[in-house]
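Here are the chains, one letter per residue:
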Amino acid sequence: MRTFRDTITVLFLLIFSSASFADGLNLRHFVGGVTRSLEIEGKYWYQSVGDRLFVLQKNSGKKVMEVQLTTQRGAAVCTDLIVYNGTLWALLDGKSVVELSISSNGMPTIVSKMVARDLGIVPRQLDVISDWPVVFGDGGAVRLSDGRKIVSFDGTVTGVALSLDRGIVYAAQRRMYEGGTNEFLGSATLLAELNQDANADPGTLVFARDLGDRTEVGLMTPEGRDVDAFQGTVTLAGGSASLNIDGSRVLVCTDRGVYILGVAPRELRLLKTIDVAGATDVGVIGSNYLAICGNRGREIYRISVDRGGEGNTHLRKVAATAAMSRGNADRIGIEIPTESGVMRYNYDGGIDLSMSQSVLPDPNPTDAVVLGWSTSLHESTNQMTVRDATGNVVQGLGVASASTVVSIGGNFWFGTEDGIVVCGPNESGTMDVLGSISIAGPVVQLVPQLDGSAAFVSEAGFVGVVTPTYDVAWEQ
């Protein structure tokens, strides 16, 4: 039993040799890392794990090295990867795109970082269209080689492709448009280009339509029309889909599983269904092996029987955390509901993913009072307002995008969309911001600790402990 428990306790998620510091706060302990994206290139499997990039041996899944993608631990989550022509790009969702050069031995090194302000969009996804690595998201699409904006849209772009007849086409709000004229072409959520050697007419595109709890995948002509409304489309269980193309195979992940589709000139046929709940990405290791990642971590999957063993077999599973919500805290830890089940975090310790029971979350405090000061959530603006002892609003202390607040040592600790903010009386007795730290969020729970620190739970899949480094004499 102990060996079993040790196996499912995710020690590899600990980040532990060095703390991260910000203005007035110290990230003392940090655990977590969702696995959202992977790429297979040459002999290596590149895997996103929270804010890091793991380099794994393709055939065994053994870790060779890791690269920290953020300057401060936990400040962002890597949600997408692409590899093209010796360069790997990693997307830190909503924040930036990191460019890494892959050396001759397959090891990546960071070359540059393009933040949202420089890109002119809020980055959400990566892809390679024709010979162009691109990033797209809120506001349009940008070519990564030169920073040129190739699509402008007042909303979120969810797919981009290059059509032989239409040029750049893009998907947004379940609609497909021609890039040059913004002419409406049809319905699509995701777009992908078939390889030139695929068993289809030149220029054929693959699209996916999000139908909520189902995903429709089909073939599209270069003009933007469905190849065949019946044989050219397949409806799959699950939503939140991703598309990967490998020759005449279309690999689709949904929150219900992984699907392998075969392409013919006027037909798309479901060949294989793999039961992996919460799958987010898949890559081809070999003709009979796939790499899969998602809410439950990463694994290798053997499709059919071969010399290695039986088919339909899940191999070398490595667990990971999933998106989290408020949990139930006690004096030694927090039981946290996630997208893949219940986990337990012990303060300054590890994560145990073996929990199976349901959790009744602690109530979420959205107001607090300390030493005559008060704060409360303004529901219409989602902003925490701080008031003095006479009830007057303290100007300049509105904490935006706040989701929770607790009082520790006479100060207000706010969990926000992007981290933690602490407000309290400064040395002159005036309410001020004493400290802040960036954590990919939203931070949905803060648990006061006896030493004046706070444990936190982030919806982005991170948990840990933050301690104050501002002048503690102000708290006396």
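The structure we're discussing is the one just above.
Residues numbered from 1 in each chain as written. Predicted model: local features only at pLDDT ≥ 70, side-chain atom pairs only at ≥ 80, totals over all residues. Heavy atoms only, no water.

### Brief notes about the sheet that holds strand β28 (residues 313-318)
Strands in a sheet are paired, the pairing made by backbone hydrogen bonds, and the direction either parallel or antiparallel. The strand order across the open sheet built from four strands is β25-β26-β27-β28, with neighbouring strands paired in antiparallel fashion. The sheet is open, and its two edges are formed by β25 (279-286) and β28, each paired on a single side. Here the strands of the sheet are splayed against their neighbours by 25° on average, with no regard to which way each runs. (Pairing = 2+ DSSP bridges. Helix = DSSP H or I, 4+ residues; strand = E, 2+ residues; numbered from the N terminus. Axes fitted to C-alpha atoms, helices over the stretch in contact; angles between N-to-C directions.)

### Here's the deal with the pairing of strand β11 (residues 122-129)
One ladder, built from seven bridges, connects β11 with strand β12 (residues 132-143); its direction is antiparallel. Within β12, the residue paired with V122 across the bridge is D138. Between the end of β11 and the start of β12, which pair antiparallel, lie two residues, with S130 showing a positive phi angle near 55°.

### Quick notes on the nonpolar core
Judged by nonpolar contacts, the single largest core of 22 residues is most densely connected at L25, W413, I420, I439, F456 and V466. Ranked by the residues each element gives to this core, the list is headed by strand β2 (residues 25-32), at three residues. Filtering out sequence-adjacent residues up to four positions away, V466 remains in contact with L25, N26, L27, R28, W413, I420, I437, I439, S453, A454 and F456. Ranked by size, the runner-up nonpolar core spans 19 residues in total, among them L190, V206, L219 and V252. (Core = buried A, V, L, I, M, F, W, Y, C linked by side-chain atoms within 4.5 Å. Buried < 20%, exposed > 50% of the residue type's maximum accessible area, 1.4 Å probe, protein only. Contact = heavy atoms within 4.5 Å.)

### A closer look at the environment of P123
Turning to its location among the elements, P123 is positioned in strand β11. Residues P123 and G94, 29 residues apart in the sequence, show an inter-C-alpha distance of 5.0 Å. Aside from chain neighbours lying at most four places away, what touches P123 is L91, D93, G94, K95, S96, V97, A116, V135 and F136.

### Observations regarding the pattern of salt bridges
Evaluation of the coordinates by the stated rule reveals 20 salt bridges. D138 serves as the salt-bridge partner of R124, at 3.2 Å between the closest nitrogen and oxygen. A residue pair is termed long-range when its members are at least 10 positions apart, and R124 in strand β11 and D138 in strand β12 qualify at 14 residues. Salt-bridge contacts for D213 lead to R214; the nearest nitrogen and oxygen are separated by 3.8 Å. Residue R214 is classed as partly exposed on the basis of its relative accessible area, which comes to 42%. Here the residues in one salt-bridge network are D51, R52, K63, E66 and R73, joined through shared partners. (Salt bridge = Lys/Arg side-chain N within 4 Å of Asp/Glu carboxyl O.)

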